[in-house]
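Tertiary structure, described
So you can see what is in the structure, the chains are spelled out below.
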Amino acid sequence: MTNTFNFIGANDKPALLAFSTPEWLEASKAALEELGYKVHTAATHSDFLIRFSQIHYQVAIVEELFAANSFAENLALRGLQTMPMSQRRHATIILIGNSFQTFTPLQAFQQSVHAVINSSEVFLLKQLIEKAVADNNLFLASLHEAQGRAYATASKEE
């Protein structure tokens, strides 16, 4: 097994994928690369959670049955759901699976993610990712603006 190092630079847009279905993984990877993201793929639940905690990914996409036989066994998703918001606010988190209706806000809220996508719509993934990221950026714009002002004020006082 060869270890490849894929460093993240200051101008990179990192994305993290957690899939068990190879076709969905390839579709997600292709869509993200087309959108200019530098894509990392997690092989296990612990790999996903370690990577997510170490890098501020802009997008994270998780399959509902990633390395699991049932939804309840998806430890990567459970880890995200129990993580404090301050540790995951940097990423737009998307959940893909058969049991969702694409962009249903209540289903996304129930799963503590930004967007859910039905797997039958993977062929539209590039556009769906763009929409999810834009919606999340718009939703958090005032928070990021307030954080920027607070940081600038704190820097001036030092």
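Look above for the structure.
What counts, and where the lines are drawn
Sequence order as written defines residue numbering, which begins from 1 separately in each chain. Where totals are concerned, whole chains, interfaces and linings use all residues; where local detail is concerned, this predicted model gives features only for residues with pLDDT of at least 70, and gives and counts side-chain atom pairs only at 80 or more. Hydrogens and water are ignored here; the side-chain numbers use all heavy atoms of the structure. A strand pair is defined by DSSP finding two or more bridges across the two strands. Runs of E in the DSSP output that reach at least two residues are strands. Runs of H or I that reach at least four are helices, and both are numbered from the N terminus. Geometry is summarised by axes, namely lines fitted to C-alpha atoms with helices restricted to the contacting stretch, and by angles between N-to-C directions that run from 0 to 180 degrees. When a carboxyl oxygen of Asp or Glu lies within 4 Å of a side-chain nitrogen of Lys or Arg, that pair is called a salt bridge. Partly exposed residues are those whose accessible area sits between 20% and 50% of the maximum for their type, while under 20% is buried and over 50% is exposed, using a 1.4 Å probe and protein chains only. By nonpolar core we mean a set of buried residues, namely Ala, Val, Leu, Ile, Met, Phe, Trp, Tyr and Cys, connected to one another through side-chain atoms within 4.5 Å. Pairs of residues are marked as contacts when any of their non-hydrogen atoms sit within 4.5 Å.

Some words on the sheet that holds strand E4 (residues 92-97)
If you trace the five strands from one edge of the open sheet to the other, you get E2-E1-E3-E4-E5, paired in parallel fashion. Two strands in the sheet have a free side with no partner beyond their single neighbour: strand E2 (38-41) and strand E5 (115-118). In this sheet, adjacent strand axes meet at a mean angle of 20° when their direction is disregarded. As defined by bridge partners, strand E1 (residues 14-18) adjoins E2 across four bridges and the pair is classed as parallel. For Leu16, the partnering residue across the bridge sits in E2 and is His40.

Things to note about the pattern of salt bridges
Applying the stated rule across the entire model yields four salt bridges. Salt-bridge contacts for Asp47 lead to Arg51; the nearest nitrogen and oxygen are separated by 2.9 Å. Highlighted residues: Asp47 and Arg51, both in helix H2 (residues 45-54), separated by four residues, approximately one helical turn. Overall, the relative accessible area of 21% leaves Asp47 in the partly exposed class.

Focus: the nonpolar core
With 22 residues, the main nonpolar core has Leu32, Tyr37, Val59, Ile61, Ile94, Ile96 and Ile129 as its most contacted residues. For this core, the secondary structure elements donating two or more residues are E1, helix H1 (22-34), strand E3 (59-63), E4, E5 and helix H6 (125-157). Here the element with the most residues in this core is H6; it accounts for five residues. Excluding residues within four positions of it along the chain, Ile94 makes contact with Val59, Ala60, Ile61, Val62, Ala115, Ile117, Ile129 and Ala132. With 20 residues, the next largest nonpolar core counts Phe52, Leu77, Phe100 and Val113 among its residues.

Comments concerning unusual backbone geometry
The phi angle at Phe103 is positive, at roughly 55°, despite the residue not being glycine. Inspection of the secondary structure assignment puts Phe103 in the loop between E4 and helix H5 (105-110). Unusually for a residue other than glycine, Ser112 sits at a positive phi of about 60°. Examined against the element boundaries, Ser112 turns out to sit in the loop between H5 and E5. For Ser112, a relative accessible area of 28% gives the class partly exposed.

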